[in-house]
Amino acid sequence: MMLEETFTMNNGVAIPKLALGTWLIDDDVVTDAVKAAVEIGYRHIDTAQAYDNERGVGEAVRSCGVARDELFVTSKVAAEHKTYDSAAASIDSTLTTMGLDYLDMMIIHSPQPWTEVNQSDNRYEKGNVEAYRALEDALSAGKLRAIGISNFLEDDLRNILDNCRVVPAVDQVLAHIGNTPLELADFCKRNNILVEAYSPIAHGEAGKITAIVDMAKKYSVSVAQLCIRYVLQLGMVALPKTANPDHMKSNAAVDFEIAADDMEALKNVERISDYGDSSFFPVYGGKL
């Protein structure tokens, strides 16, 4: 089963290939969502300080009935933390909020504060190094099992590689059919950095693209299943977000293989640039 498959990160730690994303799942409902996912068989849960649901995720992790060391829990240092002290304090705050002794991974959410994403040329090189050094020290202290970054482009990554001790385990980025950062993924592969794909279904917009719909029909799967399988076959962790247990089950039913020529066709599908109701979020080109 896909839920039992893992990648091995550059530090030797295993990470489940399929995760439950929790973005936009409110804190008062996320506990039940995570517990449902764990009951289905999910073992990788992804949250963030910016999601405002770390408390609920932590409650689920503590009360789901599965041993802590069988779960892989990730959170993210808020994009606004660009000093060592603020990043370090935020890591401790996350552990307290979640009621956990350690996290399996913590990553910097964005190289720029959200209000500047797609609005500014300032890449915060010094601030990102400071925040990443806080992650390195938390790793050394046993608070984290792995560290990484998110939404970092190649130059942002080079800044970390050139100025920090620990090679990031992952770079979590927007990646889906119709918008796959293949050059960035190749750079990560050359540097032994695993890519995690968030929004692999493009917030439902993939279902509006005829070529994707037709390909899903060819394999007798849903558009969501095709999209998740696509990023998995690219060697990426898939992070579909849902609070619906039926969708969780369907998202995990991806034990099929897309043929090589069909993968090439999907890599060249028309670019998705309109993310509907989510378009105002900075990662999609908008501004909060």
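What counts, and at which threshold
Residues take numbers from 1 onward in each chain, read along the sequence in its written order. Reporting in this predicted model follows two pLDDT cut-offs: at least 70 for local features of residues, and 80 or more for side-chain atom pairs to be given and counted; totals over whole chains, interfaces and linings ignore these cut-offs and use all residues. Derived side-chain values reflect all non-hydrogen atoms in the structure, with water molecules and hydrogen atoms excluded from consideration. Helix and strand definitions here come from DSSP, where helices need a minimum of 4 consecutive H or I residues and strands a minimum of 2 consecutive E residues; each element is numbered from the N-terminal end. In this treatment the radius of gyration is a C-alpha quantity, and the globule benchmark scales as 2.2 Å times the residue count to the 0.38 power. Whether two residues are in contact is decided by their heavy atoms: any pair within 4.5 Å suffices. Each accessible area is a Shrake-Rupley result for a 1.4 Å probe, and residues are judged covered by the shown protein chains and nothing else. We count Lys and Arg on the positive side and Asp and Glu on the negative side, and we leave His and both chain ends out. Where a charge sits is defined by one atom per residue type, namely NZ (Lys), CZ (Arg), CG (Asp) or CD (Glu). Note on pairing: two strands pair once DSSP finds at least 2 bridges between them. UniProt positions are given in the numbering used here, feature names are shortened, and annotations may be inferred rather than shown by experiment. Burial status follows relative accessibility: with a 1.4 Å probe on protein chains alone, a residue under 20% of its type maximum counts as buried, one over 50% as exposed, and anything between as partly exposed. What a helix is expected to span follows from its residue count: subtract one and scale by 1.5 Å. The term nonpolar core refers to a set of buried residues drawn from Ala, Val, Leu, Ile, Met, Phe, Trp, Tyr and Cys, joined through side-chain atoms within 4.5 Å. By construction, the arc corresponds to the directions joining the helix axis to the C-beta atoms. Counting of polar contacts relies on pairs of N or O atoms within 3.5 Å, with two restrictions inside protein: one atom must be capable of donating a hydrogen and the other of accepting it, and residues adjacent in sequence are counted only when both atoms are side-chain atoms. A fitted line through C-alpha atoms serves as each axis, taken over the contacting stretch for helices, and the angle formed by two N-to-C directions is quoted from 0 to 180°. We call two directions roughly parallel when the angle between them is under 35 degrees, roughly antiparallel when it is over 145, roughly perpendicular when it lies between 65 and 115, and oblique otherwise. The crossing is said to be left-handed when, going from far helix to near helix, the turn is anticlockwise and less than a right angle, and right-handed when the turn is clockwise. Three classes are used: nonpolar for Ala, Val, Leu, Ile, Met, Phe, Trp, Tyr, Cys and Pro, charged for Asp, Glu, Lys and Arg, and polar for all others, with Gly counted as polar. Pairing of aromatic side chains here covers Phe, Tyr and the six-membered ring of Trp, requires ring centres within 6.5 Å, and sorts the geometry by plane angle: under 30 degrees stacked, over 60 edge-to-face, intermediate tilted. Whether a charge sits over a ring comes down to the Lys NZ or Arg CZ being within 6 Å of the ring centre and within 35 degrees of the ring normal.

Broken down by element type, the chain carries 10 helices and 10 strands. For the chain, the C-alpha radius of gyration of 18 Å lies close to 19 Å, the compact-globule estimate for 288 residues. Overall, the chain is about 50 × 45 × 35 Å in size when its C-alpha atoms are taken along their principal axes. Sequence-distant contacts in the chain: of pairs separated by 6 or more residues, those separated by 24 or more amount to 74%. As displayed, the chain has an accessible area near 12,200 Å², and 46% of this comes from carbon and sulfur atoms. Separation of charge centres in the chain, based on 26 positive and 43 negative side chains, amounts to 2 Å.

Right, let's talk about the sheet that holds strand β10 (residues 237-239) for a bit. Spatially, the eight strands line up as an open sheet ordered β3-β4-β5-β6-β7-β8-β9-β10, and their pairing is parallel. Every interior strand has two partners, whereas the edge strands, β3 (20-21) and β10, have only one. Pairing of strand β8 (residues 170-174) with strand β9 (residues 194-198), which is carried by five bridges, proceeds in the parallel orientation. Residue pairing for β9: Leu174 is matched across the bridge by Tyr198.

Under the feature "site: Lowers pKa of active site Tyr" (unreviewed entry), the UniProt entry names Lys76. Residue class for Lys76 comes out buried when judged on its relative accessible area of 0%. Not counting residues up to four positions away in its chain, the partners in contact with Lys76 are Asp46, Thr47, Ala48, Gln49, Tyr51, Met106, Ile107, His109 and Gln172.

Quick look at helix α3 (residues 84-98) now. Relative to the 21 Å expected for 15 residues at 1.5 Å per residue, α3 spans 21 Å between its end C-alpha atoms, a close match to the ideal helical length. For α3, the secondary structure elements touched by its buried residues are α2 (54-63), β5 (72-77), β6 (105-108) and α4 (125-140).

Generally speaking, soluble globular proteins have nonpolar side chains that are buried together. One finds Met9, Met105, Leu135, Ile212 and Leu226 to be the most contacted residues of the largest nonpolar core, which totals 101 residues. Considering every element that reaches this core, the biggest residue donor is helix α8 (residues 223-233), with eight residues.

The feature "active site" (unreviewed entry), as annotated in UniProt, sits at Tyr51 in this numbering. If near-sequence neighbours (up to four positions away) are discounted, Tyr51 is found in contact with Thr22, Trp23, Asp46, Lys76 and His109.

Let us look at helix α9 (residues 245-252). Restricting attention to buried positions, one finds in α9 the residues Met248, Asn251 and Ala252. Considered in projection along α9, the buried side chains sweep an arc of 95° and stay on one side of the axis. Taken together, the buried residues of α9 touch β3, α1 (27-40) and α8. Regarding α9, its N-cap is Asn244, as a side-chain oxygen of that residue lies 2.8 Å from the backbone nitrogen of Asp246 further along.

Turning our attention to the packing of α1 against α9. Each pair of packed helices can be summarised by the angle the axes make with each other and by the distance between the axes. The N-to-C vectors of α1 and α9 enclose an angle of 40°; their axes lie 10 Å apart at closest approach. With respect to their mutual orientation, α1 and α9 come out oblique. For the pair α1 and α9, the crossing hand works out as right-handed. Along its contact with α1, which presents Ala33, Ala36, Ala37 and Ile40, the element α9 presents Pro245, Met248 and Lys249. Residues that form the contact of α1 with α9 fall into these classes: six nonpolar, no polar and one charged.

Evaluated as defined, the whole model comprises five aromatic pairs. Centroid distance Trp23 to Phe281: 4.7 Å. Interplanar angle 70°. Geometry classified as edge-to-face. Note that Trp23 is positioned in the loop between β3 and α1 and Phe281 in the segment after α10 (260-267), a separation of 258 residues in sequence. Residue Trp23 is classed as buried on the basis of its relative accessible area, which comes to 18%. Considering the side-chain rings of Tyr219 and Phe256, the 6.1 Å spacing of their centres and the 40° angle between planes classify their relative orientation as tilted. Of this pair, Tyr219 sits in the loop between α7 (210-218) and α8 while Phe256 sits in the loop between α9 and α10, placing them 37 residues apart in sequence. Of the residues examined, Phe256 reaches a relative accessible area of 16% and is grouped as buried. In this structure an aromatic cluster arises from ring pairing among Trp23, Tyr275, Phe280, Phe281 and Tyr284. Lying over the aromatic face of Phe7, Lys17 brings its terminal NZ or CZ to 4.9 Å of the ring centre. If you follow Arg68 out to its NZ or CZ, it ends over the ring of Tyr102, 4.1 Å from the centre.

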